[in-house]
Amino acid sequence: MAPRTRDAWLSRLVQVAFLAGVILLWYVATTRWGVNRLLLPNPVAVFGDLVEILRTGAYVDDLMTTLGELAAAFSIAVAGGLTTGYLISRSAYLTKVFEPLFAGIYAIPIILFLPLFVLFFGLGPASKIAIGATISFFPITLSTIAGFSGVDRLYVTAARSMGASDAHLFRFVLLPAALPVILTGLRMGFTVALLSIIGSETLASLGGLGHRIVTLAESMEMAPMFAYIVFVIAIASVLNAIVSTLEARGRWDR
Amino acid sequence: MKHASPSLWTALVGSLARRPGLARLLVIVALFVVWEIAARWFVDPLFLSPPSKVIASLGALFTTRGIPAALGLTLYELAVAFVIAVAIGLALGLAIGLQPFVRASVFPIVLLLYGMPQVTILPLFILSFGIGAASKIAFGVTHGVFPVVMTVVAGVQNLKPILMTSARSMGASRWQMFRHVIFPHMVPSFFAGMRLGMSGVLLGVLLAELYVSIAGIGYFTTLFTQNFEPAKLLGLVGTLAAMAIFLNALVRRAETRFGRWRTG
């Protein structure tokens, strides 16, 4: 993605300058203006701690916990959401009954129910998997319903009149037509699963990256805490970038 | 329709087939029945209360010392955070969206910030703003402001250049252009942004409440969880969910009301 015009170059310059400005401001605030170290640690110290964490591999256990929870939650949500969505979308009547119901539940901030999940599943990974799967189930189901019921009737009739079997119809008409919408739902589901798992680790847990950040915050170890925040944001950006790329790959319509 | 043997059953099936809304209601009732049966006979009462008990305990819940105040406090945090998020989001969105160069430069930064998992910096909000209402409001604002900015920028971007050109050629001042061209065109996307902003504010405020709280609902959810009082916990969480649904519906109503001129 090479910027072509002069304006585009200028825009890039502004963005780089913005980033540099923020880091410079951060540095000056901690070294010259005497901002409390407990609120804002020195960026150099944070960078040192980040290198230290990466070098010693202290992050591995927490990262594995979080990624394991994410994998389990997302798998459950994908399996449940795609199946439920497909079955409901097969009937216009069921769609009318269930789609508004799911859309209504989707509007509720489900993180509210975290205390209940902790009560049922304990403080360990089980409650994170359960809440991540629940939260990510809804966008996946809704987009699966939208994808399959948005298929143009004309395509279905045309395929049928040419003698397509049920399997052929699904493989060559329904699935390709619904795929772009479903992929968007899968990406949204992945993003909210990641957010809710890190969030619930922050709120109540025994391990994982969110838990590590809270532990460091509670013991006022600000520099390593900032280093972990940077680490988690980097991990989340990489994961989101991978998922977005996969989504774009799978789409044939743009 | 055929009525060979006009029994109650065929009448029921017939009316259900015609009214999906009724069937939806039945599904919800069925879910409550399953919950009631499960909680009464199969699940440890320390962990789950049947809905009948939850509803019966609502009265006791609302007379519990501090609960009405906690709900009021949460509502207050939501309202303040929403107003601030919409005001900042509108100003930022207009500032970014109206100038193509600013949009090209700054908008990617906004997108980048929006994509970050904000919950990782929740402890920082508590450290900077304390454990009172301020940190909840601040966290709600940072969650709500981005969707508003995004939709305002998108709304301004969708403005047809010909409308601006023709208004300018007829000698409209900057203010007149804003009042009569930009503003009416922005209204639908602005209200869509307010709806998304409301979801964001709800998420932010409730996350911060659940994380640490001394007088808000987060305090009571922790208390009820630790004391194994599932009836009260479910009642409180249910009340908050109802509140969230109500606030979302309110903003959605406003959206359809003010977006109407375009389709009508």
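Conventions adopted
- In this convention, every chain numbers its residues from 1, walking through the sequence in written order.
- As they are written, the chains are lettered A onward and the ligands numbered 1 onward, keeping that order.
- Totals for whole chains, interfaces and linings use all residues, but because this is a predicted model, local features are given only for residues with pLDDT of at least 70 and pairs of side-chain atoms are given and counted only at 80 or more.
- Secondary structure counts use DSSP, requiring at least four H or I residues in a row for a helix and at least two E residues in a row for a strand, with both numbered from the N terminus.
- Each radius of gyration reported is based on C-alpha atoms, and the globular scaling rule is 2.2 Å times the count of residues to the power 0.38.
- Counting other C-beta atoms within 10 Å of its own, a residue is labelled buried from 20 upward, exposed at 12 or fewer, and partly exposed in the gap between, with every C-beta atom placed from the backbone.
- What counts as a contact is two residues whose backbone-derived C-beta atoms lie within 7 Å of each other.
- Where each domain starts and ends comes from a domain assignment, either automatic or drawn from a database.
- Under the scheme applied, nonpolar residues are Ala, Val, Leu, Ile, Met, Phe, Trp, Tyr, Cys and Pro; charged residues are Asp, Glu, Lys and Arg; polar residues are all the others, including Gly.
- Interaxial angle, 0 to 180 degrees, is taken between N-to-C directions of lines fitted to C-alpha atoms, where a helix line uses only the stretch in contact.
- Under this scheme an angle from 65 to 115 degrees is roughly perpendicular, one under 35 degrees roughly parallel, and one over 145 degrees roughly antiparallel; angles in between are oblique.
- Only buried residues count toward a nonpolar core: Ala, Val, Leu, Ile, Met, Phe, Trp, Tyr and Cys, linked into one set through C-beta atoms within 7 Å.
- Rotating anticlockwise by less than a right angle from the far helix to the near helix defines a left-handed crossing, while the corresponding clockwise rotation defines a right-handed one.
- One confidence number per residue, pLDDT, is output by the predictor and ranges from 0 to 100.
- Multiply 1.5 Å by the residue count of a helix minus one, and that product is the helix's expected span.
- The seven residues ending at a residue and the seven starting there each receive a fitted axis; the angle between those axes is the bend at that residue.

A. Representation of the overall build of chain A within the structure. Broken down by element type, chain A carries 10 helices and zero strands. In sequence order, the secondary structure elements of chain A are arranged as α-α-α-α-α-α-α-α-α-α. In summary, chain A has a C-alpha radius of gyration of 23 Å against a globular reference of 18 Å for 254 residues, an excess of more than 25%. Projected onto the principal axes, the alpha-carbon positions of chain A cover approximately 75 × 60 × 30 Å. Buried positions account for 39% of the 254 residues belonging to chain A. In chain A, the share of contacts with a sequence separation of at least 24, taken over all contacts with a separation of at least 6, comes to 76%.

B. A look at the overall build of chain B. The helix and strand tally for chain B stands at 13 helices and zero strands. Traced from its N-terminal end to its C-terminal end, chain B shows the element sequence α-α-α-α-α-α-α-α-α-α-α-α-α. Taking all 264 residues of chain B together, the buried fraction comes to 37%. For chain B, long-range pairs separated by at least 24 residues make up 76% of all intrachain contacts whose partners lie at least 6 apart in sequence.

C. Seen up close, the domain arrangement of chain B. Assigned domains within chain B: domain 1 (1–42) and domain 2 (58–263). Taken over C-alpha atoms, the centre of domain 1 of chain B sits 38 Å from the centre of domain 2 of chain B.

D. Representation of the interface of chain A and chain B. The interface is formed by 39 residues belonging to chain A together with 37 residues belonging to chain B. Of all the secondary-structure elements, those providing two or more residues to the side of chain A that touches chain B are helix H1 (6–31), helix H4 (92–106), helix H5 (114–121), helix H8 (166–203), helix H9 (209–218) and helix H10 (222–250) of chain A. Split by residue class, the side of chain A that touches chain B holds 31 nonpolar, six polar and two charged.

E. Inspection of the packing of helix H5 (residues 67–97) of chain B against helix H11 (residues 217–226) of chain B at higher detail. Residues and elements named next belong to chain B. Their axes nearest at 8 Å, the elements H5 and H11 cross at an angle of 130 degrees. Here H5 is positioned oblique relative to H11, judged by the angle of their axes. Two secondary-structure elements touch here, H5 through Ile67, Ala70, Leu71 and Thr74 and H11 through Ile217, Tyr219 and Phe220. A breakdown of the residues in the contact of H5 with H11 according to their chemical character gives six nonpolar, one polar and no charged.

F. Here's a closer look at the domain arrangement of chain A. Partitioning chain A into structural domains gives domain 1 (1–35) and domain 2 (55–250). Taking only C-alpha atoms into account, the centre of domain 1 of chain A sits 34 Å from that of domain 2 of chain A.

G. Representation of the nonpolar core in the model. A:Leu114, A:Ala193 and B:Leu207 are the most contacted members of the largest nonpolar core, which totals 117 residues. Setting aside anything within four residues of it in sequence, one finds B:Leu207 in contact with A:Ile111, A:Gly199, B:Val119, B:Leu122 and B:Phe139.

H. Looking closely at the packing of helix H8 (residues 133–157) of chain B against helix H10 (residues 174–211) of chain B. All names here are of chain B. Between H8 and H10, the shortest axis-to-axis distance is 7 Å and the interhelical angle comes to 155 degrees. By the criterion of interaxial angle, the relationship of H8 to H10 is roughly antiparallel. When you trace H8 past H10, the crossing you get is right-handed. Residue composition of the contact of H8 with H10, by class: 18 nonpolar, 13 polar and two charged.

I. Focus on the confidence of the model for chain B. The predicted model of chain B has a mean per-residue pLDDT of 82, with 95% of residues at 70 or higher. At the level of chain-chain contacts, confidence expressed as ipTM amounts to 0.78, with global pTM at 0.81.

J. Molecular detail of unusual backbone geometry. In this structure, A:Met220 is a non-glycine residue whose phi angle is positive, near 60 degrees. Along the polypeptide, A:Met220 turns up in the loop between H9 and H10. Notably, B:Phe228 is not glycine yet its phi reads approximately 55 degrees, a positive angle.

K. Quick peek at the environment of B:Pro51. All names here are of chain B. Topologically, proline 51 is positioned in helix H3 (residues 51–56). The exposure class assigned to proline 51 is partly exposed, which follows from the 17 C-beta atoms found within 10 Å. As a C-alpha pair, proline 51 and alanine 95 span 44 residues in sequence and 50 Å in three-dimensional space. Other than its neighbours up to four places away in sequence, proline 51 contacts Phe32, Trp35 and Glu36.

L. View of H8(A). Spanning 38 residues, H8(A) covers only 47 Å between terminal C-alpha atoms, well under the ideal 56 Å at 1.5 Å per step. Maximum bend of H8(A): about 50 degrees, positioned at A:Leu179, with proline A:Pro180 one to four residues after it.

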